[in-house]
Each structure stands twice: as structure tokens, then as C-alpha cells.
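This is what each chain is made of:
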Amino acid sequence: MPNYWSHDPRYQQAKLGGTDIYAGTVRGHLWESAPTRAGKSGAHRFLILPGFTEFAEKYAHVAQKMHDLGHDCLIIDWPGQGRSGHLGTSPLMVHCDKFADHIRALQALIKAAGWHRGPLHILAHSMGGHLALLAADRLSSRIGTVALSAPMIRPRPGPAWGIRLLGLLLGMAGRNRHYAPFTRLPSLDEVRSYHADNVLTTDKAGFEWQTRWFDEIPELRRYGASTGWVREAYRSAAAYSVNEAFLKELKMPMLIMQAEKEQIVSNSLMALAASHLPNADFIKIANAKHELFNETLEIDAIIWDHLTRFWDRHGL
């Protein structure tokens, strides 16, 4: 197998440098910056919220960059993902009943980390971007800034009403914790085989980084959604992320980064949501696909330039 990631400077030394913590069965990884001689780090606290099927290890290079910038990081393995176990009929499946359970898990993890006082900032990707909006609403008085990479305003397939109706019927038939219809489970070799027309990234090293963990830690792998997850994703989108009234109440500074070659989430709905957010910067990243943190070195430099400029403008 090729080994592109080991030749990429972002990934060569990328390793989580903090400590795993748990709130019940939900795992997080807490990586704090070094304290000063006075015993205080002075760092800003960032919640890193991964996307669908993802896990803390995948964000090791992101957390390393944040740590180098002097920030504290808390990464969550969402319920049913990574080392937080699985909730469906298959250990590979991602299932949830309500995204409210994810927000409660995040709040419990924040408390377990000792972060239940003081301001917090959010850096989130894809499904994590959707959940970041919910968390920003729930924790509004404590959230300083929110930065979103290719956020899932709503899953891309449509029509939404048809998918919600099918999900309702399948739920009534007791299929909530079973795979959504038409799901095909590829082999691991298929998943990690790079093709130029893949929907994730244009970068071979970034593509390989996402699957290299499955040989070392096989239990991290997830693939595909349950019927219940699909139902909740579309319900939550209708209630929150495509709801103009909800979005207009989120007044904290936000940065939304959109991938020009996006094929997983809806770019049109992302732009619409950004237009309703009172204090949002909306950036289009040229030539990029969905995995903005695993794109080419050139795109990566652009991403971090936008992020650091955004944070600098808001005192970070």
C-alpha cells in the first residue's frame, strides 16, 4: 500500500499529546497548553467537533496546530463514534436517536474536563458543524467564536420531504437502528483506495490519513448511517440549520468555509444559512473538496490563514 501521509509534514509528527477523558461512555481527548510560571496557561479553550464517522485521532494534526498556536483543545468522539462505542445493529454503523443526546454528551464532557466555567470557542467540521450550531445555541452565553469547515446544514440527497417520509415509515417498522436503505458496505481496501474522482479530497496524503488508523486501531472505523440517524439529520436541519429564525439568534462571530468542489453537503444551503447568521464571514475555498483539513498543502495554508486572521480579529 502507498504511504503518502508519512511524507507529508503535517502528518509526520501528528500524534495526540493530551489525555483521554470520559463522561460516562463518551470519550474525549483533552490537550492543554503548558502553564506559565504563574501556573496559568492563558490559553483559549477550543472544542473540536468532528464529523460523521470521525474520531479524535483523525484530528491529531489539527490539534497539534492548535496546540502550537497556544490553545487548549478538547476533541469529542460523538456517541456511537470512535471510542465512544456504537449504538446500532452493526459496530460499523453510526446511529443516533436525537442530536440532543450529542449536545448533552458534549456538555457532560466539558464538565468532566473542568471547562464548565469561562468562555469556549468551537472549531467544527461537517456534521460537527451542524452540531456546533446546536451547541452555540445551548451554550450561547459562553461561546466566543465558531469556525466551521464544510458544515452539514442538511445532508445533500433530496428531496428532504421524501427522505423524511421514508424514514418515518421505516421507523414505524422498527428499522431505526438498522442501516438506511441502499447502504452498501465496502471493504477496507475499497475505502482506502485513492481515486482522483473521490468526493473527499484532492490530496493523496490527506485521503490516506483518514484511513491509516484502521490498521492500528480497528475499532475506530465506522461506515454508513442508520435509518434513525438519517431521520434525525433531516428533522434537525428543518428545525434548526435551515430555520432562518433560529440562525438569526446566533449572534457570536462565525467563520464558515465552503469547499468549491463539495459533493457531500449542500453548498447552496450553506450559503443561505450564512446569509441568515448575523455575524458570519463566508469564505469559498477554491479547488477544494469536502475534507478541508486534509487537502493539499497549498489549500491547507489558505485554510489556516483564514482561521488565524478570523481569530486575530476577535482577540484570540
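Everything quoted here is computed from the prediction, not taken from an experiment. (Residues numbered from 1 in each chain as written. Predicted model: local features only at pLDDT ≥ 70, side-chain atom pairs only at ≥ 80, totals over all residues. Heavy atoms only, no water.)

Asks: I'd like a rundown of the environment of Gly 128, residues and numbers included.
Replies: With respect to the helices and strands, the residue Gly 128 is situated in helix H4 (residues 127–138). A relative accessible area of 0% means that Gly 128 is categorised as buried. Note: C-alpha distance between Gly 128 and Ser 149 (21 residues apart in sequence) is 8.8 Å. If we ignore the near neighbours within four places in the chain, the residues touching Gly 128 are Leu 49, Pro 50, Gly 51 and Trp 78. (Helix = DSSP H or I, 4+ residues; strand = E, 2+ residues; numbered from the N terminus. Buried < 20%, exposed > 50% of the residue type's maximum accessible area, 1.4 Å probe, protein only. Contact = heavy atoms within 4.5 Å.)

Asks: Explain H4 to me, using residue names and the numbers behind them.
Replies: The end-to-end C-alpha separation of H4 is 17 Å, in line with the 16 Å expected for twelve residues at 1.5 Å each. With respect to burial, H4 is a largely interior element, ten of its twelve residues being buried. Inspection of H4 places Met 127, Gly 128, Gly 129, His 130, Leu 131, Ala 132, Leu 133, Leu 134, Ala 135 and Ala 136 among the buried residues, and these make up the whole buried set. (Expected span 1.5 Å × (residues − 1).)

Asks: Residue-level account of the pattern of salt bridges, with values.
Replies: Applying the stated criterion across every chain yields a total of 18 salt bridges. For the salt bridge of Arg 10 with Asp 8, the shortest nitrogen-to-oxygen distance reads 2.8 Å. Taken individually, Arg 10 and Asp 8 each receive the classification buried, so the pair is uniform in this respect. Measuring nitrogen to oxygen at the nearest pair gives 3.1 Å for the salt bridge that ties Glu 216 to Arg 212. With relative accessibility at 18%, the residue Arg 212 sits in the buried group. (Salt bridge = Lys/Arg side-chain N within 4 Å of Asp/Glu carboxyl O.)

Asks: Tell me what's going on with the environment of Pro 119, and back it up with residues and numbers.
Replies: Within the secondary structure, Pro 119 is located in the loop between helix H3 (99–112) and strand S5 (120–125). Taking the relative accessible area as the measure of exposure, Pro 119 reaches 57% and is therefore exposed. Distance from Pro 119 to Leu 139, taken between C-alpha atoms, is 9.7 Å for residues 20 residues apart in sequence.

Asks: Give me the lowdown on the sheet that holds strand S8 (residues 280–285), citing residues and values where you can.
Replies: Spatial ordering of the open sheet is given by S1-S2-S4-S3-S5-S6-S7-S8, a layout of eight strands whose pairing is mixed. Of all strands in the sheet, those with a lone pairing partner are strand S1 (19–23) and S8, marking the two edges. Here the strands of the sheet are splayed against their neighbours by 20° on average, with no regard to which way each runs. Relative to strand S7 (residues 254–259), strand S6 (residues 143–149) is paired through four bridges, and the arrangement is parallel. (Pairing = 2+ DSSP bridges. Axes fitted to C-alpha atoms, helices over the stretch in contact; angles between N-to-C directions.)

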